[in-house]
There are 2 protein chains.
Amino acid sequence: MRRTLAFDADDTLWHNEGHYADTQEAFRALLRPYHDDAWIDSRLHDTEMRNLQHYGYGIKGFTLSMIETALELTEDRLDGAGIRRVVELGKAMLELPVEPLPGVAEVLRDLAGSFELMVITKGDLFDQEAKLVKSGLGSHFSKIEIVSEKDQATYAAILERHGIPTASFTMVGNSVKSDILPVLALGARAVHIPYHLTWAHEVVASPVESPFPVLESIRELPALLATW
Amino acid sequence: MRRTLAFDADDTLWHNEGHYADTQEAFRALLRPYHDDAWIDSRLHDTEMRNLQHYGYGIKGFTLSMIETALELTEDRLDGAGIRRVVELGKAMLELPVEPLPGVAEVLRDLAGSFELMVITKGDLFDQEAKLVKSGLGSHFSKIEIVSEKDQATYAAILERHGIPTASFTMVGNSVKSDILPVLALGARAVHIPYHLTWAHEVVASPVESPFPVLESIRELPALLATW
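Conventions and cut-offs
Residues numbered from 1 in each chain as written. Chains lettered and ligands numbered in written order. Predicted model: local features only at pLDDT ≥ 70, side-chain atom pairs only at ≥ 80, totals over all residues. Heavy atoms only, no water. Salt bridge = Lys/Arg side-chain N within 4 Å of Asp/Glu carboxyl O. Helix = DSSP H or I, 4+ residues; strand = E, 2+ residues; numbered from the N terminus. Buried < 20%, exposed > 50% of the residue type's maximum accessible area, 1.4 Å probe, protein only. Patch = residues over 30% accessible without salt bridge, like charges linked within 9 Å, V, L, I, M, F, W, Y side chains within 5 Å. Areas by Shrake-Rupley, 256 points an atom, 1.4 Å probe, with all protein chains shown as cover. Contact = heavy atoms within 4.5 Å. Buried area = accessible area lost by both parts, 1.4 Å probe. Polar contact = N/O pair within 3.5 Å; in protein donor to acceptor, adjacent residues only side chain to side chain. Nonpolar A, V, L, I, M, F, W, Y, C, P; charged D, E, K, R; others polar. Pairing = 2+ DSSP bridges. Axes fitted to C-alpha atoms, helices over the stretch in contact; angles between N-to-C directions.

Draft legend 1. Expanded view of the pattern of salt bridges. In the structure shown here, the tally under the stated rule is 38 salt bridges over all chains. Between Glu68(A) and Arg50(A) there is a salt bridge, with its nearest N and O atoms 3.0 Å apart. Linking Glu68(A) in helix α3 (residues 59–73) with Arg50(A) in helix α2 (residues 37–55), this pair joins segments that are 18 residues apart in sequence. Among the residues examined, Arg50(A) registers a relative accessible area of 38% and is labelled partly exposed. A salt bridge links Glu68(B) to Lys91(A), with the shortest nitrogen-to-oxygen separation between them at 2.7 Å. Separated into two different chains, Glu68(B) in helix α3 (residues 59–73) and Lys91(A) in helix α4 (residues 80–95) make up a pair that spans both.

This is the structure in structure tokens:
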């Protein structure tokens, strides 16, 4: 029985959260004449959370939330050029090159011989497909699942659809909330590789002693898997 | 061998294009002080086509294209309240109830005994999943594929992934370009059920004598399938 190794994409295979952080800094700069940074951040976060039910995850929804926040925070005084700037910030994010994290390409190449490799990523379908192409990593994966939410039910449905036994499935990702806890709850294995930035929405309290392996880099993954 | 019957979703299972038409009319009303309707429509269409490579299909991308067009057509003079109105038009589309077309629920119920039923729809993942839930039709389908483009390669990949032989696959949809021609090119069958509105991007020249069945309503589908 060949084991399946599934990877999260954003901030596990390639840099992502840093792009949001850079864009949010440009957004703050635009609104700094009106408000201080902490208030801008807090209102943007509130708008994003409120809009998640309408927009789901991804850059297009983030752009619309920035526009809405900008209008709220300026009481509609932000002018057309300002709004245009926000639209362009969003478009620039979509056009960014996709930069694999250090070691990712080599490790995937190594593991492809012994494991069935898969991507399970949450977000905007169109955007995630484009990133996979731009990353140059697509050919390593035999299965790609782009989903709107990563909870226990989602993972259970994916394993069932592909006929993957729980005992032979391992998930690797940077989000304890989305990549680790729901997979452990199913009875499968999960490996946490933290990224240096975590979106506030994904933050959960960490147990003092971790019940799952935590690696500093994907480069440590083959050695860990060899011990199983 | 059980045959697979796959349905497009927007304007095949439920009303959709009418919502875009209604929204576009509200958008025109907002910009009528600046330009005539034909010019507004033409510039919005150009913006949508230009942005397709960035945004893909769906309401969020449409909303961003409306905002961009509104700024262009007013040389950035549209005020904050106007932009807010456009954001709200987009959000209202996302909140609309999903209204199945006449006969859809009954026909799916009838056919579920004899066919494996599937949805193959193009667009925004989050939005299409939400529509399937809101439609109440989800339980009729054993497979759901939400894709970013519907061309021959997409259909070939879907059939391969699910192990469906070409000869046992039939696609039903309202778009000759997306639902019919690429499926016929693969050697599978397709049934065209036109909707009374077609998005300009999906319009292709129709052959004088149709090489595929064209039905007026999904209600005629079981009788057609019974003759095969």
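Draft legend 2. Summary view of a nonpolar patch on the surface. Residues and elements named next belong to chain A. On the surface, a nonpolar cluster with roughly 200 Å² of combined accessible area is contributed by Leu181, Leu184 and Val204. When you line up the elements, valine 204 lands in the loop between β5 (189–192) and α9 (221–226). Its relative accessible area of 31% is what places valine 204 among the partly exposed residues.

Draft legend 3. Expanded view of the interface of chain B and chain A. Of the residues lining the interface, 32 residues belong to chain B; the matching set on chain A comes to 32 residues. The largest contributions to the chain B side of the interface with chain A come from His54(B), Lys60(B) and Phe126(B), which together make up 21% of the buried area. Where chain B packs against chain A, one counts six salt bridges. For Asp76(A), the salt bridge goes to Arg84(B), with nearest N and O atoms at 2.6 Å. Scanning the region where chain B abuts chain A turns up twelve residue pairs in polar contact (both at pLDDT 80 or more). Where the side of chain B that touches chain A is concerned, the elements lending two or more residues are α2 (37–55), α3, α4 (80–95), α6 (125–135) and β3 (143–147) of chain B. For the side of chain B that touches chain A, the class distribution of residues is 14 nonpolar, nine polar and nine charged.

Draft legend 4. Representation of the sheet that holds strand β2 (residues 115–122) of chain A. Residue and element names in this part refer to chain A. The parallel open sheet is built from five strands, whose spatial order is β3-β2-β1-β4-β5. Only two strands of the sheet have a single neighbouring strand rather than two, namely β3 (143–147) and β5. Across this sheet, the average inter-strand angle for adjacent strands is 20°, counted without regard to direction. Two strands pair when backbone bridges link them, and strand β1 (residues 3–7) and strand β4 (residues 169–173) are joined in this way by four bridges, in the parallel orientation. The residue of β4 that forms the bridge with phenylalanine 7 is valine 172. Helix-sheet contacts for helix α7 (residues 152–162) involve β2, β3 and β4, and the interaxial angle to β3 is about 150°.

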